[in-house]
Amino acid sequence: MSEKLKAGILGGTGMVGQRFITLLENHPWFEVTAIAASPGSAGLTYEEAVGNRWKMDTPVPEAVKNIIVKNVSEVEQTAAEVDVVFSAVLMSKEEIKAIEEAYARTETPVISNNSAHRWTPDVPMVIPEINPHHMDIIPYQRKRLGTSRGFVAVKPNCSIQSYAPVLTAWMEYEPYEVVVSTYQAISGAGKTFADWPEMEGNIIPYIGGEEEKSEKEPLRIWGEIKNGVIEPAAGPLITSQCIRVPVLNGHTASAFVKFRQQPEKEELIRKLETYSGLPQKLRLPSAPEQFIRYMEEDDRPQVALDVDFGHGMGVSVGRLRKDSIYDWKFVGLSHNTLRGAAGGAVLCAELLKAQGYITKK
């Protein structure tokens, strides 16, 4: 019998669900044993259900081709077969909240890529290198849900991954005001150029809901647990614009920062290059050896050259220079469907296993 934890994928036929499946292929700790999707896919093999909608660069893994897809709404049947589920369901926010809590109440941990629970006060929203201590909220959530094992944990929005880690590395210098523009890949909308041809040679200066997430979610990550809830930090204040650009994978950020302290450039770069967190200390399977790297070249980081740094789990930073209005400005790059989506959720699951929150049923 396998010692690996049995994992289910909720919303397994969509782009993020597919990414979960490829990331968990040959994973040392987890194996996919159940896939759930919409009623239209239920009863089909996974290969039949995904059909010509497979969007990954590598083929459908052999191990999942013949798994019979379940109806995601039949919670008990799916939960009975797994130790943990990864959620990438496409529903309304209220429906997602309800179904993720329903799975949690079956004593099944839920690691979600969705935004629905990011502001539920007792649900941890975690970038494992930054705020792993927020997992300490889980006992409070279990008390609310009436569970001993089940809970919901989420990862933050993909848009913040290319600048929030940078600001975290610089916190001792007291950044207090940030202007950031993000240039976001089409895979963030679950698209490829084949099914979104109007994005070729085009930009769209609007992504629904992204700017609020880009401004507010970092504050929750920097917040603290008080009285059984996570209270967001008061600052730094962030204002943002989010733009869709004709790139398949990779979110780029252009950021301007004001500091209360006045660091030198060399200090800022050193803080980036030496910043690491609990995933690196624990050597979690998906953790990059180096979380943030600084690139000296004037024309880096570039999506084409740098998006896969650290197997897509690292953050690349460049063009750090003084600004005439703000103190410093920089460019950051992260992989939106790896670090920013499914990969970040898998790293959260690895952290939760290492912390003892995810175990065999």
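Provided above is the structure to which this section pertains.
Calculation rules
- Residues numbered from 1 in each chain as written.
- Predicted model: local features only at pLDDT ≥ 70, side-chain atom pairs only at ≥ 80, totals over all residues.
- Heavy atoms only, no water.
- 1 Å grid on protein atoms, 1.4 Å probe; cavity = no way out; pocket = protein on both sides within 12 Å on 5 of 7 lines; lining within 4 Å.
- Points joined across faces, edges and corners; volume = space filled by probe spheres on them.
- Helix = DSSP H or I, 4+ residues; strand = E, 2+ residues; numbered from the N terminus.
- Nonpolar A, V, L, I, M, F, W, Y, C, P; charged D, E, K, R; others polar.
- Axes fitted to C-alpha atoms, helices over the stretch in contact; angles between N-to-C directions.
- Parallel < 35°, antiparallel > 145°, perpendicular 65-115°, else oblique.
- Left-handed = near helix turned anticlockwise from the far one by under 90°.
- Contact = heavy atoms within 4.5 Å.

Peer 1: So, the layout of surface pockets: which residues are in play, and what are the values?
Peer 2: Of the voids in this model, the largest pocket is the one considered here, and its volume is about 720 Å³. Taken together, 38 residues line the largest pocket, and the ones lying closest to its centre are Val16, Leu90, Asn113, Asn114 and Gly188. Listed by contribution, the elements that provide at least two residues to the lining of the largest pocket are helix 1 (15-24), helix 5 (93-104), helix 8 (210-221) and helix 12 (338-354). Considering every element that reaches the lining of the largest pocket, the biggest residue donor is helix 1, with four residues. A breakdown of the residues in the lining of the largest pocket according to their chemical character gives 11 nonpolar, 19 polar and eight charged. One number sums up the size of the second largest pocket: a volume of about 330 Å³. Leu23, Ser286, His311, Met313 and Leu338 are, among the 17 residues lining the second largest pocket, the residues nearest its centre. Listing elements by their share of the lining of the second largest pocket, those giving two or more residues are helix 1 and helix 12.

Peer 1: Give me the packing of helix 1 against helix 12: which residues, what numbers.
Peer 2: Put simply, helix 1 and helix 12 touch, their axes get as near as 9 Å, and they point 55° apart. The pairing of helix 1 with helix 12 is recorded here as oblique in orientation. Here helix 1 runs over helix 12; the crossing is right-handed. The segment helix 1 lies against helix 12, with Val16, Arg19, Phe20, Leu23 and Leu24 engaging Leu338, Ala342, Gly343, Ala345 and Val346. Of the residues contributing to the contact of helix 1 with helix 12, the split by class is eight nonpolar, one polar and one charged.

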